[in-house]
Amino acid sequence: MNDRTDRHEPEDRAIEVVLSVEPTDREAPVPSSEAPEPAPSGETPEPVAEATAPEPNDEAAPETVVEADTADVTDASQAAAEETDAPQAAAAALPVSPQPVAVSNLVPLEEIAPAIAAASVSRRAFLGFGLALVGGLAGAAVLTRLFPIFEDTANAAAPIVPTYDPTGKAWTFVVDTSACIGCGLCVVACKEENDVPEESTYTRTWIERHTVTTDGVLYVDSPDAGQFGFPPDSTAPGAAGKAVASSHFEPRLCMQCENSPCTSVCPVGATYRTEDGVILVDARRCIGCGYCVVACPYGARYIVPAGERAPNDTPGVADKCTWCYHRISRGGKPACVEVCPVGARKFGDASDPSSEIATIVREQNPQPLHPEYGTRPRVLYLGPSIEEA
């Protein structure tokens, strides 16, 4: 819609107002229903103020008149309406009485009160309360199917692979920081596999470089989450120019804690633990409140931003590493483990005593990061990171 239409709508009415306000060479306004009497011969007629019209101006184009202020056009239109159709205008100005509300459509107070009391118990009851206000609780079951966010938290998501049996699994992840070279292929593979946003702020896994200088100060940097590798010198503030005593790379990801704070603080049950102990996020339920992001002591969570790339095609919800659950439930390995060129990441079922991961746990005794947190992580570490912790 152009500017002219915005200010003069409808268009045909605007043109009518122009003709009644600004005369042209072919038509002059008549101030009254009776024409003035002609002056006697030889006498100059007296000017009549009411009949006086503005001098026509050939340079005044119709566009100039149409672009007049809206208030001027509105005033002129109202004046013309009052002269020609006053009764209709007066009738239109009368207030319209509101329609009475049928008492039968209102919910009795004794039916609303129980719903109010139940609303503080669960989300399903809260939905029922809303339905009671508009007509009863009959539609709760239907809306629950349409909007799974209102499901009970006990209704966990169905297995990704129906034939997968999670019973007795003891999935374990081991990271060897003495082997990691900081190439960043694991970060790239994770983003591609899980459709994680490309920005380094949003990542399911990342690599840190821990540098200890000769004066005993520890500096940690992770440029672009480590996905493009690392420059020769640390980028941490204050580390430039200092002599380095030791340095190592430390891959990070969700620790899949057995005593997980994220599942405890989630108000809608969106973060849950599967039968085989893997913590996932149900995007159908997540409301993006960010409680789990704050609660995670390892900084392994983020809120998915709006954009072209979003895990599960759902921006605005919490996301984190899932150990590529869609892969391991089909017998595969996490993408980061599969792509690591030096075998710094190991993954498997520790309940199988003959597996590689069970052998590593049994013989090398990997340890969790920050055991003082009390979260009992299922990601264990070997190498310098254990000494540092």
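Preceding this paragraph is the structure being described.
Procedures and definitions
- Residues numbered from 1 in each chain as written.
- Predicted model: local features only at pLDDT ≥ 70, side-chain atom pairs only at ≥ 80, totals over all residues.
- Heavy atoms only, no water.
- Helix = DSSP H or I, 4+ residues; strand = E, 2+ residues; numbered from the N terminus.
- Buried < 20%, exposed > 50% of the residue type's maximum accessible area, 1.4 Å probe, protein only.
- Contact = heavy atoms within 4.5 Å.
- Phe/Tyr/Trp six-rings, centres within 6.5 Å; stacked < 30°, edge-to-face > 60°.
- Pairing = 2+ DSSP bridges.
- Axes fitted to C-alpha atoms, helices over the stretch in contact; angles between N-to-C directions.
- Lys, Arg positive; Asp, Glu negative; His and termini not counted.
- Salt bridge = Lys/Arg side-chain N within 4 Å of Asp/Glu carboxyl O.

## Some words on the environment of lysine 169
Structurally, the position occupied by lysine 169 is in the loop between helix H8 (140-146) and strand E1 (171-176). A residue is classified by how much of its surface remains accessible, and lysine 169, at 30% relative accessible area, is partly exposed. Distance from lysine 169 to serine 351, taken between C-alpha atoms, is 6.2 Å for residues 182 residues apart in sequence. Apart from residues lying up to four places away in sequence, lysine 169 is in contact with Tyr164, Asp276, Asp349 and Ser351.

## Description of the packing of aromatic side chains
On inspection of all chains with the given rule, the structure shows eight aromatic pairs. Aromatic side chains tyrosine 202 and tyrosine 302 sit 5.8 Å apart centroid to centroid with 50° between the ring planes, which places their arrangement in the tilted category. With tyrosine 202 in the loop between helix H9 (185-194) and strand E2 (206-213) and tyrosine 302 in strand E7 (residues 302-303), this pair connects stretches of sequence that are 100 residues apart. For tyrosine 302, a relative accessible area of 5% corresponds to the buried category. With 5.3 Å between their ring centres and 70° between their planes, tryptophan 323 and phenylalanine 347 make a pair best called edge-to-face. Linking tryptophan 323 in the loop between strand E8 (318-319) and helix H12 (325-328) with phenylalanine 347 in strand E9 (residues 345-349), this pair joins segments that are 24 residues apart in sequence. Taken individually, tryptophan 323 and phenylalanine 347 each receive the classification buried, so the pair is uniform in this respect. These aromatic residues form a ring-pair network of at least three members: Trp171, Phe173, Trp323 and Phe347.

## Some remarks on unusual backbone geometry
Although it is not a glycine, glutamine 256 adopts a positive phi angle of roughly 50°. On the secondary structure map, glutamine 256 appears in the loop between strand E4 (244-252) and helix H10 (261-265). The buried category is assigned to glutamine 256, whose relative accessible area is 0%. Not every positive phi belongs to a glycine, and aspartate 313 is a case in point at roughly 55°. With respect to the helices and strands, the residue aspartate 313 is situated in the loop between E7 and E8.

## So, the sheet that holds strand E3 (residues 218-221)
Strand pairing in a sheet is mediated by backbone hydrogen bonds. Such pairs are either parallel or antiparallel. An order of E3-E2-E4 is seen for the three strands of this open sheet, with the pairing classed as antiparallel. Pairing within the sheet leaves two strands with one partner each, and these edge strands are E3 and E4. Across this sheet, the average inter-strand angle for adjacent strands is 20°, counted without regard to direction. With four bridges joining them, E2 and E3 adopt antiparallel strand pairing.

## What about the side chain of aspartate 349?
Looking at where aspartate 349 falls in the secondary structure, it is placed in strand E9. Within the buried set, aspartate 349 has no salt-bridge partner at all; the shortest N-O distance to an opposite charge, 4.1 Å, is to lysine 169. Not counting residues within four places of it along the chain, the set of residues in contact with aspartate 349 comprises Gly168, Lys169, Ala170, Trp171, Ser355 and Ile357.

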